[in-house]
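Spelled out, the chains give:
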Amino acid sequence: QVQLVESGGGLVQPGGSLNLSCAASGSISSINYMGWYRQAPGKERELVAIISSGGIRNYAGSVKGRFTISRGSAKNTVYLQMNSLKLEDTAVYYCNARDSRIRHYWGQGTQVTVSS
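Every value quoted in this text rests on a predicted model; they were computed, and no experiment measured them. (Residues numbered from 1 in each chain as written. Predicted model: local features only at pLDDT ≥ 70, side-chain atom pairs only at ≥ 80, totals over all residues. Heavy atoms only, no water.)

Q: What exactly am I supposed to notice about the sheet that holds strand E1 (residues 2-7) here?
A: In any sheet, the strands associate via hydrogen bonds between backbone groups, in a parallel or an antiparallel arrangement. Read across the open sheet, the four strands follow the order E1-E3-E8-E7; overall the sheet is antiparallel. Two strands in the sheet have a free side with no partner beyond their single neighbour: E1 and strand E7 (67-71). On average, adjacent strands in this sheet sit at an angle of 15 degrees to one another, irrespective of strand direction. Of the pairings in the sheet, the one linking strand E3 (residues 18-26) to strand E8 (residues 77-82) comprises six bridges and is antiparallel in character. The residue of E8 that forms the bridge with Leu 18 is Met 82. (Pairing = 2+ DSSP bridges. Helix = DSSP H or I, 4+ residues; strand = E, 2+ residues; numbered from the N terminus. Axes fitted to C-alpha atoms, helices over the stretch in contact; angles between N-to-C directions.)

Have a look at this one:
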């Protein structure tokens, strides 16, 4: 089992920045991917960015060039640096971890609101 705890959401103006953090605990040695998803009101949950244990990153097209995903040196923490935020980035952001048996684990979610 893996437990995920997110932090760092909040309210920001368009063009601003936020940094999300997610700390994993439990069977972290089994994790091979960590990432971020988001869900806006009335929409399905969508992938934002993922990073493999080897450091390979993938981004949704809508955030490429604005968001950066990274992992801490201890490999049990993942960050999402969000720059040039837009109104349409408003959503609940969820940390995700996937293990070698392709089981998914989710954090509780953190609200990001972009508003003027």
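Q: How should the nonpolar core be read in this particular structure?
A: By size, the foremost hydrophobic cluster in this structure holds 29 residues, and its most contacted members are Leu 4, Met 34, Trp 36, Leu 80, Met 82 and Tyr 93. Only E1, E3, strand E4 (31-39), strand E5 (46-52), E7, E8, strand E9 (91-99) and strand E11 (110-114) provide two or more residues apiece to this core. (Core = buried A, V, L, I, M, F, W, Y, C linked by side-chain atoms within 4.5 Å. Buried < 20%, exposed > 50% of the residue type's maximum accessible area, 1.4 Å probe, protein only.)

Purely geometric numbers; function is a separate question.
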